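Architecture at a glance
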Amino acid sequence: MSRQRLTVNEIINILEEEGDEHRPQTIIITGPEEGAEAITDEDSDESDAEVTGDPTHLPRRVLDAEGQLHSRETLPEESQSEQPSTYKGCKRMAKKRKLKDSTKKWSRDLTELNFKLPEFIPPLTPSRFSINQSPFDSFRVFFSEDFVLHIVEQTNMYANLRGNHGFSVASEEIYAFLGILLFSGYHFLPRKRLFWNTDDDCNVTIVRETMRRNRFDDILRYLHLADNTNLDTSDRLYKIRPIFQFLNRNFKLLPPRMNCCVDETIIPYCGKHGAKQFIKGKPIRFGFKLWCLAESNGHIIHAEPYGGLCTRIPKSDLGQGGDVVVGLLEKSQLEKGSRLFFDNLFTSEKLLYTLKDMQIGGTGTLRENRVKYAENELTEKNKFKKEARGTMEERTNGDILVTRWNDNAVVTMMTNCIQGGNKVVNRYSRKEKKNVTVPIPLAIAEYNKFMGGVDLCDQLLAMYRVNIRTKKWWWPFFAWAVDVSCVQGWLLHRHVGSTMDYLQFRRECALYMMRHFGSPSAGRGFRQSHTGAEEIRTDHLDHLITKGSSKYKVCAQCKKRTVYICKKCNISLHPECFLAFHEK
């Protein structure tokens, strides 16, 4: 019997390395001491309520807690005196644990680099896209016609389930509805109903001529995307799955280029929902998180919403960051020879070996706690930041290159596809008070050039967001779908040769949909005509005022709401307006 005091993290490492024949007899874990002010570590990608016995998502306070490992081994009598205990010195063994593919030694000799990726053949733009297509045609590539027909079907079905059997919407009305949403992004009014206000400071004629206010409110009330009769209660994002089903399919109609990036983005949302995230230090701190794979010019290839356990990305031993990269790759089906760029949330040595096996290049910044100083022989960060600006050092094991560079801060980069070497960049020197040239590693220069695709798309989205809101939790996803379709349509329009800027493109789309699909209003209030019954109205025979079935009718005389009607004329009237109306 052997007994050893270890941390929970070291015990987990031992259990993962050893086979079933060497399982310990007893494991004792001493829980961490926590007070009311205790704060869990934020590195865990799942909330505490969602972790059900998965040690890969234990908080660090638990992993660092003290534990005891009791083992009992049964060995042949002749070998008991010669063979040491399996768990003897296991603390040292846990610290020396290495990746299977990283057995090569690291050195400064860059001639040992073995970066061999298949040649990437640039794709051709499909012939269906041409410079002659209108902005609306480019928008409809992503917010496609079959998506609109799906919305029409689900909206009518939802209205019927809610008991409004007389409600029916057509695809033309949905396009007019989308035009008003796009219009609200660059024509800001603080309240939705002000778009139909006739005062001098709010008089928006084109919106009133596109759709009646009450009709717009009805469509907004019954707008629906998922079938409520066939719900997946285990999926907290089931209501917005059709959005990503159609958009991700349409994103892939334009073949991706060689250099792509993986990053996260946030859809603003401040309500209550289990999938809402808080990310400290971000421009948008509260909202729904999306994992995105995009080209460097902002064209999105695939977007996957994060919903905790219901996130549709398979899990593996790569950790959350590695799982996201590989999962997006599998869904996007990038060509071999493509290169991916990602930040320190995703980068790990194991991920780069996995990408190398998939014949995909990978480059990303590396977190300080993932740098293996003992193996890589890099200078410690505190010492390296005291070196001159532009100082760099590179280490390789033949398959992976690690580069460290001192600029305003120390940057560490890991790549499996970019050779060593350097370029020069301009930087402002406070000491010399002028711009100076500073050497920069080639890997970091390539990263700066191709990494910002998702951020570029976010920048365009933030310029003109849909400004009409509702209380539905999934509405931010729908508004994002409208905005991102417009952004991607503009990028496609530029790709085929147009020089139109984004604001003009959005205006062209909004105006076309409102003018082409809109139906002018017949006037204020409900449509009721009494001009064809002039003789009946003034005959002074058998006219009787009584209560009607609806309280939302408008008086034909004073244009205010009333519940009373003339039974003979079938016209809404107030009792005090009854005589004046019939004496005209």
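Residues numbered from 1 in each chain as written. Predicted model: local features only at pLDDT ≥ 70, side-chain atom pairs only at ≥ 80, totals over all residues. Heavy atoms only, no water.

Here we take up the overall build of the protein. Each helix and strand counted, the protein has 20 helices and 19 strands in total. For the protein, the proportion of its 584 residues judged to be buried stands at 46%. Counting contacts in the protein only where the partners sit at least 6 residues apart, residues at least 24 apart contribute 66% of the total. With an accessible surface of roughly 31,500 Å², the protein has 48% of that area assigned to carbon and sulfur atoms. (Helix = DSSP H or I, 4+ residues; strand = E, 2+ residues; numbered from the N terminus. Buried < 20%, exposed > 50% of the residue type's maximum accessible area, 1.4 Å probe, protein only. Contact = heavy atoms within 4.5 Å. Areas by Shrake-Rupley, 256 points an atom, 1.4 Å probe, with all protein chains shown as cover.)

The next thing to look at is the packing of aromatic side chains. Evaluated as defined, the whole model comprises 28 aromatic pairs. Relative to Phe478, the ring of Phe143 has its centre 6.2 Å away and its plane inclined at 90°; by these criteria the two rings are edge-to-face. In this pair, Phe143 sits in the loop between α5 (135–142) and α6 (145–161) while Phe478 sits in helix α17 (residues 475–495), placing the two residues 335 residues apart along the sequence. Exposure class is identical for Phe143 and Phe478. Each is buried. With a centroid separation of 6.2 Å and 80° between ring planes, the pair formed by Trp291 and Tyr306 is classed as edge-to-face. In this pair, Trp291 sits in strand β6 (residues 286–295) while Tyr306 sits in the loop between β7 (300–305) and α11 (319–332), placing the two residues 15 residues apart along the sequence. The exposure class assigned to Trp291 is buried, which follows from its relative accessible area of 1%. By relative accessible area, Tyr306 is classed as buried at 6%. Chaining the aromatic ring pairs together yields one cluster made of Phe139, Phe143, Phe147, Phe246, Trp475 and Phe478. Geometry around Tyr222 places Arg221 over its ring, the cationic atom sitting 5.9 Å from the centre. (Phe/Tyr/Trp six-rings, centres within 6.5 Å; stacked < 30°, edge-to-face > 60°. Lys NZ or Arg CZ within 6 Å of the ring centre and 35° of its normal.)

This part covers the packing of α6 against helix α7 (residues 171–186). Between α6 and α7, the shortest axis-to-axis distance is 9 Å and the interhelical angle comes to 105°. As summarised for this structure, α6 and α7 are arranged roughly perpendicular, according to the angle between their axes. Two secondary-structure elements touch here, α6 through Glu145, Val148, Leu149, Ile151 and Val152 and α7 through Ser171, Ile174 and Tyr175. Of the residues assigned to the contact of α6 with α7, the class counts are six nonpolar, one polar and one charged. (Axes fitted to C-alpha atoms, helices over the stretch in contact; angles between N-to-C directions. Parallel < 35°, antiparallel > 145°, perpendicular 65-115°, else oblique. Nonpolar A, V, L, I, M, F, W, Y, C, P; charged D, E, K, R; others polar.)

Helix length check: α17 (21 residues) gives 30 Å between terminal C-alpha atoms against 30 Å at 1.5 Å per residue, within 8%. Most of α17 sits out of view: 19 of its 21 residues are buried. With its phi angle positive at about 120°, Gly497 sits one or two positions after the end of α17. (Expected span 1.5 Å × (residues − 1).)

For the rest of this paragraph, the subject is the state of the cysteines. One covalent bond between the sulfur atoms of two cysteine residues makes up a disulfide. Counted according to the given criterion, the structure contains zero disulfides. Looking at the unpaired Cys292, the closest cysteine sulfur is the one in Cys457, lying at 7.2 Å. Accessibility expressed as a relative area gives 1% for Cys292, which makes it buried. (Disulfide = S-S within 2.5 Å.)

As a further point, take the nonpolar core. The biggest cluster of nonpolar side chains holds 99 residues, and the ones touching the most others in it are Phe143, Phe177, Leu181, Ile243 and Phe478. Among residues more than four places away in sequence, those in contact with Phe143 are Val148, Ile151, Leu178, Phe478, Ala481, Val482 and Ser485. (Core = buried A, V, L, I, M, F, W, Y, C linked by side-chain atoms within 4.5 Å.)

Moving on to the pattern of salt bridges. Within the structure shown, the criterion is met by 20 salt bridges. The salt bridge involving Arg140 is made with Asp137; its shortest N-O contact spans 3.6 Å. Of this pair, Arg140 and Asp137 both sit in helix α5, separated by three residues, roughly a single helical turn. We classify Arg140 as partly exposed; its relative accessible area is 31%. (Salt bridge = Lys/Arg side-chain N within 4 Å of Asp/Glu carboxyl O.)

Now for the side chain of His299. Residue placement: His299 occurs in the loop between β6 and β7. A distance of 3.1 Å separates a polar atom in the side chain of His299 from a polar atom in the side chain of Gln488. With near-sequence residues (within four places) excluded, His299 lies in contact with Phe142, Phe251, Leu254, Ala294, Gln488 and Leu491. (Polar contact = N/O pair within 3.5 Å; in protein donor to acceptor, adjacent residues only side chain to side chain.)

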